Structure formats: structure tokens, C-alpha cells
Amino acid sequence: HGSDSAPRVALFCPDPRAMSTIEIVGGCSTSTTRMILKREMERFGHVDVCHMGNRDNPSAEPPWVRFADPKAADSALDAIKAGLVIIDGFAINAQKSNRRGPPLVSREPREAEVGSREFPSPE
């Protein structure tokens, strides 16, 4: 029948990165640093990425945080909605985001790459 060679069609599954990303839609001031936001979010689980967005136009590009585990994102969101997350004196507001979260860039060097540390030092 040839069905083994037919391409398989995957059903749509939400990207797990989208399920673990939250957007901060209120409460971050212009003085809030990435490290302050990241440290506060790490109370809920490992943070893969913490991005401050566009400080001049946060409504167009709000800060966002991607957790390693979707359950951590849910815990953070529950605490934020309950008013339990205060940053720089303000309770923040957040929502799940499905438009954020590019894949992590591997920090491992490729085999074909040669870094300057690998050149012999002049003697």
C-alpha cells in the first residue's frame, strides 16, 4: 500500500516554550532591572530567559519570562494574579504568552569552529 513511505502529518501541539512563557503587562517600572525581575521569577522555578522588552514602549513590547518548566510559569502566574509578586514596590500583572520564546542558542561550540583560545600561543 505504500503507507509506510507517506509523510506523516503531525497534529498541532502547542509549543512547550509558549506554555512556559509569561508576559509582564503591568507593574514593572523603568527602573526595574532584568536581574531584579529574574530573581523574583526564580522563586517559582528555573528561568530560561528573562527579557525586559522595550522600556520606551512596554505596551507594544512588554517584558517576558520563559521558565524551563510550564508548571513554574503557572505557579508564577497564580502568585502574580493573587498580588503576591511585588517588584520595586509595585504588584506586577502578567499573562500567558504564546508569541514569545525563541529557541535557546546552544552555548556549545560546533566542532568545525575554532576559537582564538585554540590557536597556539606565539613563543
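Criteria and thresholds
Residues numbered from 1 in each chain as written. Predicted model: local features only at pLDDT ≥ 70, side-chain atom pairs only at ≥ 80, totals over all residues. Heavy atoms only, no water. Helix = DSSP H or I, 4+ residues; strand = E, 2+ residues; numbered from the N terminus. Buried < 20%, exposed > 50% of the residue type's maximum accessible area, 1.4 Å probe, protein only. Contact = heavy atoms within 4.5 Å. Areas by Shrake-Rupley, 256 points an atom, 1.4 Å probe, with all protein chains shown as cover. Core = buried A, V, L, I, M, F, W, Y, C linked by side-chain atoms within 4.5 Å. Arc of directions from axis to C-beta. Pairing = 2+ DSSP bridges. pLDDT = per-residue confidence, 0-100. Expected span 1.5 Å × (residues − 1). Polar contact = N/O pair within 3.5 Å; in protein donor to acceptor, adjacent residues only side chain to side chain.

Caption draft 1: Broad picture of the overall build of the chain. Secondary structure assignment for the chain yields 3 helices and 6 strands. Secondary structure elements in the chain, listed N-terminal to C-terminal, are α-β-α-β-β-α-β-β-β. Counting every position in the chain, which comprises 123 residues, the buried fraction comes to 27%. Taking the intrachain contacts of the chain between residues at least 6 apart in sequence as the baseline, contacts between residues at least 24 apart amount to 66%. By element, 53% of the accessible surface of the chain is carried by carbon and sulfur atoms, the whole surface being about 9,000 Å².

Caption draft 2: Representation of the nonpolar core. Among the nonpolar cores identified, the biggest contains 20 residues, and Ile22, Leu37, Met41, Val65, Phe67 and Val85 are the most heavily contacted of them. Top element by residues in this core is helix H3 (residues 70–81). It accounts for 6 residues. Sequence-distant contacts of Met41, defined by excluding residues within four places in its chain, comprise Ile22, Val47, Val65, Phe67, Ala76, Ile80, Val85 and Ile92.

Caption draft 3: Examining helix H2 (residues 34–41) more closely. Of all the residues in H2, the buried ones are Leu37, Glu40 and Met41. End-on view of H2: buried residues confined to an arc of 95 degrees, all on one side of the axis. Where H2 is buried, its residues contact strand S1 (21–26), strand S2 (47–51), strand S3 (64–67), H3 and strand S4 (86–87).

Caption draft 4: Representation of the pairing of S1 within the structure. Where S1 lies against S3, 3 bridges are found, and the strand directions are antiparallel. What sits directly across from Thr21, in S3, is Arg66. Pairing geometry for S1 and strand S6 (residues 93–96), over 4 bridges, is antiparallel. Each bridged residue has a counterpart across the sheet, and for Ile24 the counterpart in S6 is Ala94.

Caption draft 5: How the structure looks around the confidence of the model for the chain. On average, residues of the chain carry a pLDDT of 81, and 65% of them reach 70 or more. Within the chain, the lowest mean pLDDT, 60, falls on helix H1 (residues 16–19), and the highest, 97, falls on H3.

Caption draft 6: Structural view of the pairing of S3. Residues Trp64 and Arg66 line one face of S3 and the alternating positions Val65 and Phe67 line the opposite face, and both faces are buried. Bridge analysis of S2 against S3 gives 4 bridges, and the strand direction is antiparallel. Paired with Cys50 across the strands is Val65, a residue of S3.

Caption draft 7: Examining H3 more closely. In a regular helix each residue adds 1.5 Å, so 12 residues correspond to 16 Å; H3 covers 16 Å between its end C-alpha atoms and thus fits that length. Among the residues making up H3, those that are buried are Ala72, Ala73, Ala76, Leu77, Ala79 and Ile80. End-on view of H3: buried residues confined to an arc of 165 degrees, all on one side of the axis. In H3, the exposed positions angled more than 90 degrees off the buried face are occupied by Lys71, Asp78 and Lys81. Between a side-chain oxygen at the N-terminus of H3 and the backbone nitrogen of Lys71 the separation is 3.0 Å; the capping residue is Asp69. Following H3 by one or two positions, Gly83 adopts a phi angle in the positive range, close to 80 degrees.

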